[in-house]
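Descriptive analysis of the structure
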Amino acid sequence: MESPQCEQRIPKVSLAEILRCFEHPISEEQAWAVCFQCCYKIEQLAQGPSLHSVFLEDSGSIFIHADGTASFKVSDVGSIQQSEDELLKGLGLVIYGALDWGIESQVERELSNPLETLLYLMLKLDEEAMKPAVTLQDVIKACKEHLSRPSEASSQYEMICRGLFTEYMELQELVTIIQTSKKVPLGLPCSCSTDLSFTGFSEASLWPNVISELQNGVKLQKASERAQRHPLPKECICSPYELLLADIQHRRYTLRKV
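Residues numbered from 1 in each chain as written. Predicted model: local features only at pLDDT ≥ 70, side-chain atom pairs only at ≥ 80, totals over all residues. Heavy atoms only, no water.

Turning our attention to the overall build of the protein chain. When its secondary structure is counted, the protein chain shows eleven helices and three strands. Counting from the amino terminus, helix and strand elements in the protein chain follow one another as α-β-α-α-β-β-α-α-α-α-α-α-α-α. The buried share among the 258 residues of the protein chain stands at 34%. Long-range pairs, those at least 24 residues apart, make up 77% of the contacts in the protein chain with a sequence separation of at least 6. Summed over all atoms, the accessible surface of the protein chain reaches about 16800 Å², with 53% contributed by carbon and sulfur. (Helix = DSSP H or I, 4+ residues; strand = E, 2+ residues; numbered from the N terminus. Buried < 20%, exposed > 50% of the residue type's maximum accessible area, 1.4 Å probe, protein only. Contact = heavy atoms within 4.5 Å. Areas by Shrake-Rupley, 256 points an atom, 1.4 Å probe, with all protein chains shown as cover.)

This is how it looks when you write it as structure tokens:
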């Protein structure tokens, strides 16, 4: 919904691309952040005619920008326009799908009571209890009250979405580096370039887990303490994968042109 100049200046990525890249669903905090940022954007668009062009259909309809803001895919001319009530329902479906992305159909993800209640209201799954119906301001208020400091909701949720965008870009950069490597390990034929690319994807898919551990907190030890507690063995046995990775990193072998 931004002007072409703004779109070129601020990079953005769809929620669908983020999910496919990370290969796992978003966290609850990320869901709260996306919900708040989208509602905040809807509130801005409601002040003008642009809201009638928004059509929330799936995760590809929502874009996360580098600065932590959100925007929407513009619907085609002549398509059915969605009211504020329908947009909230569509937003609830997208967020619920992002929380459930990649999980097997027989497995149900357990959500915290506040988030589950909010999604139930947005999706109108309990219409008897909805008197009156949930509004845009109700959703924004619920997102603010989720935080210990509601007054900092804008900056806090913007920071979470900005981090989501940054993690996506870092992972894309990592995948690109691995895929563009032109070296192969000892003993493997040149036709292994496809397998090497697949290995790069497997390695890159571990990146979100590393980021998650760093976000939860990692306690570092001094090198001297680590040496005392965990002395290194005299002989280190490397796995075939580690040997392959070392050969790639040291660029020991080159591919012949096909």
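This part takes up unusual backbone geometry. The phi angle at Glu23 is positive, at roughly 60 degrees, despite the residue not being glycine. Of note, Glu23 is situated in the loop between α2 (15–22) and α3 (28–45).

Another aspect to go through is the nonpolar core. One finds Cys35, Ile62, Leu91, Val139 and Tyr157 to be the most contacted residues of the largest nonpolar core, which totals 50 residues. If sequence neighbours within four positions are ignored, Tyr157 has contacts with Trp32, Ala33, Phe36, Gln37, Cys143, His146 and Leu147. (Core = buried A, V, L, I, M, F, W, Y, C linked by side-chain atoms within 4.5 Å.)

Counting through the fold element by element, Arg20 comes out in helix α2. On the basis of relative accessible area, Arg20 is assigned to the exposed category, the value being 53%. Residues Arg20 and Trp101, 81 residues apart in the sequence, show an inter-C-alpha distance of 9.2 Å.

What follows deals with the pattern of salt bridges. All chains considered together, the criterion is met by three salt bridges. A salt bridge links Glu152 to Arg149; the shortest N-O distance between them is 3.4 Å. Linking Arg162 and Glu158 is a salt bridge whose minimum nitrogen-to-oxygen distance equals 3.4 Å. Taken together, the residues Arg162 and Glu158, both in helix α7 (residues 153–179) and four residues apart, mark about one turn of the helix. Overall, Glu158 belongs to the partly exposed group, its relative accessible area being 29%. (Salt bridge = Lys/Arg side-chain N within 4 Å of Asp/Glu carboxyl O.)

At a minimum axis distance of 10 Å, the contact between α3 and helix α4 (residues 84–99) shows a crossing angle of 160 degrees. The angle between α3 and α4 falls in the class roughly antiparallel. When the axes of α3 and α4 are compared, the crossing they make is right-handed. On α4, the residues touching Glu28, Ala31, Cys35, Cys38, Cys39 and Ile42 of α3 are Leu87, Leu88, Leu91, Ile95 and Leu99. Of the residues assigned to the contact of α3 with α4, the class counts are ten nonpolar, no polar and one charged. (Axes fitted to C-alpha atoms, helices over the stretch in contact; angles between N-to-C directions. Parallel < 35°, antiparallel > 145°, perpendicular 65-115°, else oblique. Left-handed = near helix turned anticlockwise from the far one by under 90°. Nonpolar A, V, L, I, M, F, W, Y, C, P; charged D, E, K, R; others polar.)

As a further point, take the pairing of strand β2 (residues 62–65). Of the two faces of β2, both are covered, the one formed by Ile62 and Ile64 as well as the one formed by Phe63 and His65. Pairing between strand β1 (residues 12–14) and β2: three bridges, direction antiparallel. Residue pairing in the sheet places Ser14 in a bridge with Phe63 of β2. Pairing geometry for β2 and strand β3 (residues 70–72), over three bridges, is antiparallel. Within β3, the position partnered with Ile62 by the bridge is Phe72. The hairpin formed by β2 and β3 contains four residues between the paired strands, and Gly68 there has a positive phi angle of roughly 90 degrees. (Pairing = 2+ DSSP bridges.)

Turning our attention to the sheet that holds β2. Taken together, the three strands give an open sheet; going across it, the order is β1-β2-β3, and neighbouring strands pair in antiparallel fashion. Looking at strand neighbours, the two that pair on one side only are β1 and β3, the edges of this open sheet. Neighbour-to-neighbour, the strand axes of the sheet open up by a mean angle of 30 degrees, direction not taken into account. Against the sheet, α2 contacts β1 and β2, and its axis sits at roughly 75 degrees relative to β1.

The next subject is the environment of Ala66. Mapped onto the elements, Ala66 comes out in the loop between β2 and β3. Considered as a pair, Ala66 and Thr166 are 100 residues apart in the sequence and their alpha carbons are 7.2 Å apart.

A word on the packing of aromatic side chains. Counted by the stated rule, this structure contains two aromatic pairs. Note on Phe36 and Tyr40: the rings are 6.4 Å apart at their centroids and 10 degrees apart in plane angle, and the pair reads as stacked. Here Phe36 and its partner Tyr40 are both found in helix α3, four residues apart, which amounts to about one turn of the helix. The buried category is assigned to Phe36, whose relative accessible area is 2%. Tyr40 gets classed as partly exposed once you look at its relative accessible area, which sits at 38%. Geometrically, the ring pair formed by Phe36 and Tyr157 is tilted, given 5.1 Å between the ring centres and 35 degrees between the ring planes. (Phe/Tyr/Trp six-rings, centres within 6.5 Å; stacked < 30°, edge-to-face > 60°.)

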